[in-house]
Amino acid sequence: MEEFWNRNTIPAPATISLLYNLKKKDELRKSYDVILDVIEKSIEILSEDSCLASEMYILGRILYRLQNQMKREKNFQALKQIQKCINNFNGLKLKGIFQNFKECIYSGSNANEVHLPSKHMFQYLLTRMMGAVRVLIQASSQCERCYIHSLQRLHPGHFILKNLMFCGLTARIWVLTRALALQLSNLYKQLHDQLINIHNQPTQWLPTGVDIPKTLDKWVEKICDPSKLPSSTRTNVENMDIDDIIDRMEKKFGEDSKKEETPLNEATQKNSKLNLHLLPENTDLGVAISRKMAERGAVKVKGNKRKKDMQIHMTHVKPAKVTKSSKTDVTNKSKKKTQKTVKR
């Protein structure tokens, strides 16, 4: 059964603002200030997402360029999941919901009168915040998965530049998504505490059996405490260090290059037909020619070879013997031609 907050499309309630008198309850004044502060902070946080947008642009270009080359790799599949999570987060359009919510908060004709949104609007906003926090947590977990697989590929030295690029990109996205999820969870808790002072309505917007939790601490525990991570991923991250991996790769590549250099030099010395140090000083080594001239010369050599082959073949072929019948046929054909020319 799909949970209510996890749906892509949730019908929004009607935008209604109710009148409240601040004289009757002192708690209303405090809740009014808290609600305004929370909404302004959330709008600022969501408007300052240029860093995340730039990282997502880089991620999109990487996925487009490496689609055919690395589509079977696990870290590449994790990058696709990260892109999907952030696209779902952008599809929620939280900023527009907060702005619409803010428009319903304004002061009345008197100084002690205030208009606040209805309880249905509060519930709708909280459910959308739940979905946003959950998507961001999923994106951060996919970043950890991609980082671990990239380190595992770096250990033997496979696709060094690409895996280092994946590690840096996922680390930056992990920091941004983690910070945004923590901020939204704190704002969610502050908004939920103000539901007590909001008037109930005769109709119910939430489906039957659906409740909104007070806090999202159960979801955010994995982000805050690294001990909450699975044991396998935690041991892999602790045992791996990029500096050690790079040192190992440098040593390995250095040894391999030395091994490859020695047999090549010996082979060239043994198989070299022309040793320049044995030649006298005044020897003429020829004149440098262009590439076109060399190609023309190669074509001429091929043509000369074909002519020689044809001549050799013709020498081995025996000439055909001329018989009397063949001679008579030739003379008859020549006579017929002459007769035709005379008639014309």
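Everything numeric here is computed off the predicted structure, so don't read it as measured data.

Draft legend 1. Quick peek at the overall build of the chain. When helices and strands are tallied, the chain shows 12 helices and 3 strands. Counting across all 344 residues of the chain, residues that qualify as buried make up 30%. Split by element, the accessible area of the chain, about 24,500 Å² in all, is 53% carbon and sulfur.

Draft legend 2. Up close: the side chain of Ser 185. You can see Ser 185 is positioned in helix α7 (residues 160-193). Taking relative accessible area as the criterion, Ser 185 reaches 10% and is therefore assigned buried. Polar side-chain contacts of Ser 185 include one of 2.7 Å to the backbone oxygen of Leu 182. Apart from the residues within four sequence positions on either side, Ser 185 is in contact with Val 133, Leu 216 and Val 220.

Draft legend 3. Quick peek at the nonpolar core. Among the nonpolar cores identified, the biggest contains 67 residues, and Phe 89, Met 129 and Leu 184 are the most heavily contacted of them. For this core, the secondary-structure elements that each account for two or more residues are α1 (26-47), α2 (50-65), α4 (74-92), α5 (94-103), β3 (113-117), α6 (119-154) and α7. Sorting elements by how many residues they give to this core places α6 first, with 15 residues. When neighbours within four sequence positions are excluded, Met 129 is seen to be in contact with Leu 94, Phe 98, Leu 184, Leu 187, Tyr 188 and Leu 191.

Draft legend 4. Main features of the packing of aromatic side chains. Inspection of the entire model under this criterion finds 2 aromatic pairs. For the ring pair Phe 101 and Phe 122, a centre distance of 4.8 Å and an interplane angle of 90 degrees mean the geometry is edge-to-face. Linking Phe 101 in helix α5 with Phe 122 in helix α6, this pair joins segments that are 21 residues apart in sequence. As far as burial versus exposure is concerned, Phe 101 and Phe 122 are alike and both buried. In this structure, Arg 134 is placed above the aromatic ring of Trp 219, and the distance from its NZ or CZ to the ring centre is 5.3 Å.

Draft legend 5. Looking closely at the packing of α4 against α6. With their axes 8 Å apart at the nearest point, α4 and α6 run at an angle of 165 degrees to one another. Taken together, the axes of α4 and α6 lie roughly antiparallel to each other. Where α4 crosses over α6, the handedness of that crossing is left-handed. A class-by-class count of the residues in the contact of α4 with α6 yields 13 nonpolar, 9 polar and 4 charged.

Draft legend 6. Representation of the sheet that holds strand β1 (residues 17-21) within the structure. What the 3 strands build is an open sheet, ordered β1-β3-β2; its pairing is antiparallel. One side of each edge strand has no neighbouring strand; the edge strands of this open sheet are β1 and β2 (106-107). Pairing between β2 and β3: 2 bridges, direction antiparallel. Among the inter-strand pairings, Ser 107 is bridged to a residue of β3, identified as Val 114.

Draft legend 7. Quick peek at unusual backbone geometry. One non-glycine residue, Lys 93, adopts positive backbone phi at about 55 degrees. Residue placement: Lys 93 occurs in the loop between α4 and α5. With phi around 50 degrees, Phe 159 is a residue other than glycine that occupies positive phi space. Inspection of the secondary structure puts Phe 159 in the loop between α6 and α7. Look at Phe 159 and you get partly exposed, because its relative accessible area is 35%.

Draft legend 8. Region of the structure containing the environment of Leu 195. As for its position among the elements, Leu 195 is in the loop between α7 and α8 (217-224). Taking the C-alpha atoms as reference points, Leu 195 and Ser 118, 77 residues apart in sequence, are found 9.9 Å from one another. Once you skip the residues sitting within four places of it in the chain, Leu 195 turns out to touch Lys 119, Phe 122 and Leu 126.

Draft legend 9. Highlighting the pattern of salt bridges. Counted under the stated rule, the structure contains 3 salt bridges. One salt bridge connects Arg 153 with Glu 73, and the closest N-O pair in it is separated by 3.5 Å. Residue Arg 153 is found in helix α6, and its partner Glu 73 is found in the loop between α3 (67-70) and α4; the two are separated by 80 residues along the sequence.

Draft legend 10. Quick look at α2. When the terminal C-alpha atoms of α2 are compared, their 23 Å separation across 16 residues agrees well with the 22 Å that a helix rising 1.5 Å per residue should span. All buried positions along α2 are accounted for by Leu 52, Glu 55, Met 56, Leu 59, Ile 62 and Leu 63. For α2, the angular spread of the buried residues around the axis is 120 degrees, confining them to a single face. Away from its buried face, by an angle of more than 90 degrees, α2 presents the exposed residues Ser 50, Tyr 57, Tyr 64 and Arg 65. Contacts from the buried residues of α2 go to α3, α4 and α7.

Draft legend 11. Inspection of the packing of α2 against α7 at higher detail. For the pair α2 and α7, interaxial distance at closest approach is 10 Å and the crossing angle is 150 degrees. Of the possible angle classes, the one that applies to α2 and α7 is roughly antiparallel. Here α2 and α7 pass one another in a crossing that is left-handed. Contacts from Cys 51, Leu 52, Glu 55, Ile 58, Leu 59 and Ile 62 of α2 reach α7 at Met 165, Phe 166, Leu 169, Arg 172, Ile 173, Leu 176 and Thr 177. In the contact of α2 with α7, the residues fall into 10 nonpolar, 1 polar and 2 charged.

Calculation rules
- Residues numbered from 1 in each chain as written.
- Predicted model: local features only at pLDDT ≥ 70, side-chain atom pairs only at ≥ 80, totals over all residues.
- Heavy atoms only, no water.
- Helix = DSSP H or I, 4+ residues; strand = E, 2+ residues; numbered from the N terminus.
- Buried < 20%, exposed > 50% of the residue type's maximum accessible area, 1.4 Å probe, protein only.
- Areas by Shrake-Rupley, 256 points an atom, 1.4 Å probe, with all protein chains shown as cover.
- Polar contact = N/O pair within 3.5 Å; in protein donor to acceptor, adjacent residues only side chain to side chain.
- Contact = heavy atoms within 4.5 Å.
- Core = buried A, V, L, I, M, F, W, Y, C linked by side-chain atoms within 4.5 Å.
- Phe/Tyr/Trp six-rings, centres within 6.5 Å; stacked < 30°, edge-to-face > 60°.
- Lys NZ or Arg CZ within 6 Å of the ring centre and 35° of its normal.
- Axes fitted to C-alpha atoms, helices over the stretch in contact; angles between N-to-C directions.
- Parallel < 35°, antiparallel > 145°, perpendicular 65-115°, else oblique.
- Left-handed = near helix turned anticlockwise from the far one by under 90°.
- Nonpolar A, V, L, I, M, F, W, Y, C, P; charged D, E, K, R; others polar.
- Pairing = 2+ DSSP bridges.
- Salt bridge = Lys/Arg side-chain N within 4 Å of Asp/Glu carboxyl O.
- Expected span 1.5 Å × (residues − 1).
- Arc of directions from axis to C-beta.

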